[in-house]
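# An overview of the molecular structure
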Amino acid sequence: MPKIAKELSALAVKNLKHPGSTTPSNAVFAVGGVAGLMLQITPGGGRSWLLRTMLNGKRREIGLGGHDVSLGEARERARATKGEIRNGVDPLQEKRDRRKAAIEAAKRHLTFRDAVDKFLADTLVEFRNEKHRKQWQSTLDTYAMPVIGNLAVSEVTKHHMVEILKPIWATKTETATRLRQRCERVLDWAKAHGHREGDNPAAWKGNLNAMLSKPSKVATVDNQPAIQLKDAPRWFAALRKREGTGARALEFATLTAARSGEVRGMEFNEIDSSAKLWTVPASRMKMKRPHVVALSDEALAILDAMKDAATGESKYVFPAIRGGMLSDMTLSATMKRMHESEIEAGRMGWLDKNSKRPAVPHGLRSTFSDWAGELSDYPRDMREFALAHAINSDVEAAYRRETMIEKRRAMMNDWAAFLRGGNGPKP
């Protein structure tokens, strides 16, 4: 017959001490009153209650609480636990189930704001620079956070998404489209990590497309302000009169319809003068694929001039004063000064046709697109390839071939001729 422990009083239990160095591990004392009830004391003096009992044919220890549980409460818990076991309940499994349920509940209560932070931390490698990361988050901070920022991701619905998107869907369509895509990615991340279930409320197909108009069918007045076609030759002539590396970089960007970052990061080893080609590496392309640009004679002339002026202290074609990469603000400042000069001369300045805002460097790509679409007979896919937009892979392969490169060069020569004041020959 097993030995029955003496039932200790509350004072006797309070006076129990860890034996010290003679027992380096936790000390355990039977306190009586309920068979198997033990007080565990750590070498540091920490106290907790244990119930030693048989469970499913095995001897187990079940925790009953810490120092804040009195002797009387511990005995009540011990009796209740033993009663559950007699009734076929597994207290340890129930405890695991409760812990799991608590974790799942905590996951479901992750707010959208916290989900954005965690998503950005997990996908940091995608962001080429801190500016891109801030732009990404700024859109969400401005439009999404006021509506769903403090809402659990598990509670976000498509109706919330419509509430976020509808006010800017027709007036800032491009921004709204990016906002929807960013919300979709965050909510996809949340589902993958167990924070929500079901369909993504920010998905377009089979979801928001039934509640909002197609982006291509609504006005998009948030495009980057562009030089109007009728103003382009006069603007280009004014640009060519300006001095400085920024002006030359802007002139080259105009002639090639390239993005500012592609031009500012351009290195001499990317140029094949004999083939009249510029290969932009994938690391500097938005689509993360290398892009070959067919160079017009005017564009080559700028490169030759920059090479002649190079001191050998910088690897960049259009270097900053100290030899590093030219700032993106340099090109913007050049256009801003050109606009201000027009205003000072009593004219309207270089304004976008739709928004009436002063044109900016990125808008020059729209000017090229307008020219290619309205004043030339070149195929749309050729224009899209020149702009390094995503197109069918077979079409892309065709435009990389030698024969198509010459046709692309003819298009860029015609574009240069238009900028100089003539429409140029038709293909």
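Reference entry: report on the structure contained in this document. Here the structure is a predicted model, which means the values were calculated and not measured. (Residues numbered from 1 in each chain as written. Predicted model: local features only at pLDDT ≥ 70, side-chain atom pairs only at ≥ 80, totals over all residues. Heavy atoms only, no water.)

Moving on, we get to the pattern of salt bridges. Charged atoms that come close allow side chains of opposite charge to pair. Taken as a whole and assessed by the stated rule, the structure comprises 16 salt bridges. Of the charged contacts in the structure, one is a salt bridge between Asp231 and Lys230, with a shortest N-O distance of 3.2 Å. Among the residues examined, Asp231 registers a relative accessible area of 10% and is labelled buried. The exposure class assigned to Lys230 is exposed, which follows from its relative accessible area of 64%. Among the ionic pairs, Arg383 bridges to Glu384, the shortest N-O distance being 3.4 Å. In this structure Arg383 comes out as buried when scored by relative accessible area, which is 14%. The class of Glu384 is buried, set by a relative accessible area of 11%. (Salt bridge = Lys/Arg side-chain N within 4 Å of Asp/Glu carboxyl O. Buried < 20%, exposed > 50% of the residue type's maximum accessible area, 1.4 Å probe, protein only.)

Okay, empty space enclosed by the protein next. Under the definition given, this model contains two cavities of 30 Å³ or more. In this model, the second largest cavity occupies a volume close to 50 Å³. Taken together, Thr256, His291, Val292, Val293, Ala294, Ala386, Arg408, Met411 and Met412 make up the full set of residues lining the second largest cavity. In terms of residues, the lining of the second largest cavity owes the most to one element, strand β7 (residues 291-294), which gives four residues. Grouping the constituent residues of the lining of the second largest cavity by class yields six nonpolar, two polar and one charged. (1 Å grid on protein atoms, 1.4 Å probe; cavity = no way out; pocket = protein on both sides within 12 Å on 5 of 7 lines; lining within 4 Å. Points joined across faces, edges and corners; volume = space filled by probe spheres on them. Helix = DSSP H or I, 4+ residues; strand = E, 2+ residues; numbered from the N terminus. Nonpolar A, V, L, I, M, F, W, Y, C, P; charged D, E, K, R; others polar.)

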